[in-house]
Every structure is written in structure tokens, then in C-alpha cells.
Amino acid sequence: MHTTVFFATNRRRIGPGDKAADYAGEQGPAGQPGRLTYAMAEVERADLARRETGALRSIAGVEPDDFSAALSRRLEQGGNLLVFLHGFANSFSDALRRAAFNRDWLAGSGLPGADCTVIAFSWPSGGVVVDGKTVAPGLLVAPVSLVLLLAGVIASPLAGAYLEDQRQAEASAADLVSFLDRLRPLAETLRKRGGRVALLAHSMGNLVLQ
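Residues numbered from 1 in each chain as written. Predicted model: local features only at pLDDT ≥ 70, side-chain atom pairs only at ≥ 80, totals over all residues. Heavy atoms only, no water.

Help me understand the environment of Ile14 in this model?
Relative to the helices and strands, Ile14 resides in the loop between strand 1 (2-9) and strand 2 (37-44). Once the C-alpha coordinates of Ile14 and Ala24 are considered, the two residues, ten residues apart in sequence, prove to be 6.8 Å apart. The contact partners of Ile14, leaving out residues within four places of it in the chain, are Ala21, Asp22 and Ala24. (Helix = DSSP H or I, 4+ residues; strand = E, 2+ residues; numbered from the N terminus. Contact = heavy atoms within 4.5 Å.)

Below you can see the structure in the form of C-alpha cells.
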């Protein structure tokens, strides 16, 4: 069983955009029109307790700056809408898998209003908890830096990936504004039809939102 995930991302696209490897973690200038990529992915039924599940099977309708006319029509036919912002240490694939999981988990409640369409905004997290390049240097300086770390003078020498994700999250704010602005007409259309729009920000996704 596959789950449809609509998405927008400000990750740098380094290929046609029809596979996960085309979306790098790097980011360009914020808020530049045409830098966001909009598309739709089919995600194999995601079980986050098993890392081998939830693979991206296809990506289609890739367009810059807005959803294609065909995807917009599909979105307008939906009922309720869930907008999802992922957190720290999420790769592009992780973000879409978690969006699919949240949609399926809600739908599994059996409540009619919980069966929704999901749109993910994927900001350029590095997708790792600890950067392997910092492990050896971090262990070497750990005895020296422990006192300063406990005193709050410096951050953990192993926190490089977290701090870099923080920088990327903060730099993604203008792109999130652009995305939500594009989404506004769709949200208004859905509300007029009695639908609801929910925004779910997980972990560091709240920093982007803030």
C-alpha cells in the first residue's frame, strides 16, 4: 500500500527531481522565487519502527515555485489538510516517510475528519544526529572542554550536526512563508467546503515556524 505525500522543499535540487537523491541538503538564498520545488511522492506504507519500510517509490509533478495545475486540482478535491514540518536529523526521504506515517496514523483512528491529505515542507536538515567528521576531534578535546561545557561556555564538541541544522532551520523561515502564502488559496477553498487545515511542526520544525 502506498501513501501520497505532496511536498515543497527548499533543499537544493541537483537533478530532475524525480528521485530522493536529487535533493541535496544545501540551501541557497532564502526567499528567492523559483528556488522552492513542489511535487508529489508515493511512499510505501511507512512503519517507523522498522527502518526498511516507507521507501519512496516515485516522485512526480516536479515544478518550481508552486504546485503544477494537475497537482493543484488533486489537492482541491481533498477534504482536510495536514501540513507537516519535520524536525532535526531528517533527510529528504525521512521527512516524506514521517509525513506519510502521520497521515496513515491519523487515518487509522477511524474518525472521518482524521483522514486527510498531507503536504510536507522539507527544510535542508543534514539528516544525521552526529557528524562522523566531528567524532574523533570531539573525543580528543573532551577532557579539556568538559569544564567549559558544564559551565555553558561552549557547546558539546559533538553537537556540530545539531547546530548546523539550527542554522538551516532559521535560514528557512522566508521559504516557509513563501510556501504558506502559496498554500493560502487552497486552504481558503477547502475551508469553504467545510474542510479543516492542521499544521504539525515536529521538534526543530518549530524553530522554522517560529
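Now that the structure has been shown, we can carry on.
Help me out: how do you make sense of the pairing of strand 2 in this one?
Moving residue by residue along a regular strand, the side chains alternate between the two faces of the sheet. Among the eight residues of strand 2, seven are classified as buried, and the element is accordingly described as predominantly covered. As judged from the eight bridges shared by strand 1 and strand 2, these two strands associate in the antiparallel manner. Bridge pairing links His2 to Glu44 in strand 2. Direction of pairing for strand 2 relative to strand 3 (residues 56-64): antiparallel, over a ladder of six bridges. Bridge pairing links Glu42 to Ser58 in strand 3. (Buried < 20%, exposed > 50% of the residue type's maximum accessible area, 1.4 Å probe, protein only. Pairing = 2+ DSSP bridges.)

Even after reading the chapter, I still don't get the sheet that holds strand 1, so can you show me in this structure?
The strands making up a sheet are joined through hydrogen bonds of the backbone, oriented either antiparallel or parallel. Pairing is mixed in the open sheet, where six strands are placed in the order 3-2-1-5-4-6. The open sheet terminates on both sides in strands that have one partner only, identified here as strand 3 and strand 6 (197-201). On average, adjacent strands in this sheet sit at an angle of 25° to one another, irrespective of strand direction. Sheet topology note: the strand 4 (residues 80-85)/strand 5 (residues 116-122) ladder contains six bridges and is parallel. Counterpart to Leu81 in the pairing with strand 5 is Thr117. In the packing of helix 1 (residues 69-76) onto the sheet, contacts are made with strand 1, strand 2, strand 3 and strand 5, and the angle to strand 1 comes to roughly 120°. (Axes fitted to C-alpha atoms, helices over the stretch in contact; angles between N-to-C directions.)

Please explain the nonpolar core as it appears in this structure.
Across soluble globular proteins, nonpolar side chains show a tendency to be buried alongside one another. Formed by 25 residues in total, the largest nonpolar core has its most connected members in Phe67, Ile119, Phe121, Phe179 and Leu183. Those elements that place two or more of their residues in this core are strand 1, strand 2, helix 1, strand 4, strand 5 and helix 5 (173-192). Here this core takes five residues from helix 5, the largest share from any one element. Look past the residues within four positions of Leu183 in its chain and what remains in contact with it is Phe67, Leu81, Val83 and Ile119. Tyr23, Leu82, Ala99 and Ala120 belong to the second-largest nonpolar core, a separate cluster that totals 16 residues. (Core = buried A, V, L, I, M, F, W, Y, C linked by side-chain atoms within 4.5 Å.)

Explain the pattern of salt bridges to me, please; I cannot follow it from the model alone.
Two side chains that carry opposite charge are able to pair once their charged atoms sit near each other. Here the structure, examined in full by the defined rule, presents eleven salt bridges. With its nearest N and O atoms 3.2 Å apart, the salt bridge here joins Asp181 to Arg184. Residue Asp181 and its partner Arg184 are both found in helix 5; the two are separated by three residues, about one turn of the helix. (Salt bridge = Lys/Arg side-chain N within 4 Å of Asp/Glu carboxyl O.)

Even after reading the chapter, I still don't get a nonpolar patch on the surface, so can you show me in this structure?
The grouping of Val129, Val130 and Leu158 at the surface amounts to a nonpolar patch, some 230 Å² of accessible area in total. The residue Leu158 is located in the loop between helix 3 (132-150) and helix 4 (160-171) in this model. By relative accessible area, Leu158 is classed as partly exposed at 31%. (Patch = residues over 30% accessible without salt bridge, like charges linked within 9 Å, V, L, I, M, F, W, Y side chains within 5 Å. Areas by Shrake-Rupley, 256 points an atom, 1.4 Å probe, with all protein chains shown as cover.)

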